[in-house]
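Chain residues, written in single-letter form:
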Amino acid sequence: MRVKDPAALRRKRINQRFSQRDLAVLVRRSQATIHQLETGKMKTLTEDLALLISARLFVAWEDLFILEEHELLPKVTHDASTSGNSRVEGKVA
């Protein structure tokens, strides 16, 4: 996932009267992580973190974050060693 608008994330945090440190404690991350998300220096984040931040800011996750297309579906490949059976590779983030 990625942040839609880092400045909007900052505004939502401030509207809830949280410091970066307060929000970091609530989502069990460092203050530096919150700072990087709000300044656009951290380009991607896990779905878990996005959901935690959204919940703590009382905002729908879709308002703050974008689910990348490659995160929607796992890659399906055909494995010749299993007689043409399909298998799923990778982990959905």
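As annotated in an unreviewed UniProt entry, the protein is Helix-turn-helix domain-containing protein from Glutamicibacter halophytocola.

K.L.:
Got a sec to walk through the packing of helix α1 (residues 6-15) against helix α3 (residues 31-39)? Specific residues and values, please.
P.N.:
One way to put it is that α1 packs onto α3 with a least axis distance of 6 Å and a crossing angle of 130°. In terms of their interaxial angle, α1 and α3 are classed as oblique. Here Pro 6, Ala 7, Leu 9, Arg 10 and Arg 13 of α1 come into contact with α3, specifically with Ile 34, Leu 37, Glu 38 and Thr 39. Classifying every residue of the contact of α1 with α3 gives five nonpolar, one polar and three charged.

K.L.:
Go over the side chain of Gln 20, please, and point to the residues and values.
P.N.:
Position of Gln 20 among the secondary structure elements: in helix α2 (residues 20-26). Setting aside residues up to four positions removed in sequence, Gln 20 forms contacts with Arg 13, Gln 31, Ile 34, His 35 and Glu 38.

K.L.:
Explain helix α4 (residues 47-57) to me, and be specific about the residues and the numbers.
P.N.:
Leu 49, Ala 50, Ile 53, Ser 54 and Leu 57 are the residues of α4 that are buried. Along the long axis of α4, the arc covered by the buried residues comes to 130°, so they all point the same way. Where the residues of α4 are buried, they touch α1, α2, α3, α5 (61-64) and β2 (65-66). A positive phi of about 55° marks Phe 58, the residue just after α4.

K.L.:
Please provide a residue-by-residue account of unusual backbone geometry, values included.
P.N.:
Leaving glycine out, the prevailing phi sign among residues is negative, and the prevailing peptide bond configuration is trans. Here the phi dihedral of Arg 28 falls at roughly 60°; this positive angle occurs in a residue that is not glycine. Assessed through its relative accessible area of 70%, Arg 28 is described here as exposed. Phi angles above zero are rare outside glycine, and Phe 58 is one such case at about 55°. Relative to the assigned elements, Phe 58 resides in the loop between α4 and α5.

K.L.:
Describe α1, listing the residues and the values that go with them.
P.N.:
Those residues of α1 that fall on the buried side of the exposure criterion are Ala 8, Leu 9 and Arg 13. Taken end-on, α1 shows its buried residues confined to a sector of 140°, consistent with a single buried face. Contact partners of the buried residues in α1: β1 (2-3), α2, α3, α4 and α5. Positive backbone phi, at 60°, marks Arg 17, one or two positions downstream of α1.

So, how was this worked out
- Residues numbered from 1 in each chain as written.
- Predicted model: local features only at pLDDT ≥ 70, side-chain atom pairs only at ≥ 80, totals over all residues.
- Heavy atoms only, no water.
- Axes fitted to C-alpha atoms, helices over the stretch in contact; angles between N-to-C directions.
- Helix = DSSP H or I, 4+ residues; strand = E, 2+ residues; numbered from the N terminus.
- Parallel < 35°, antiparallel > 145°, perpendicular 65-115°, else oblique.
- Contact = heavy atoms within 4.5 Å.
- Nonpolar A, V, L, I, M, F, W, Y, C, P; charged D, E, K, R; others polar.
- Buried < 20%, exposed > 50% of the residue type's maximum accessible area, 1.4 Å probe, protein only.
- Arc of directions from axis to C-beta.

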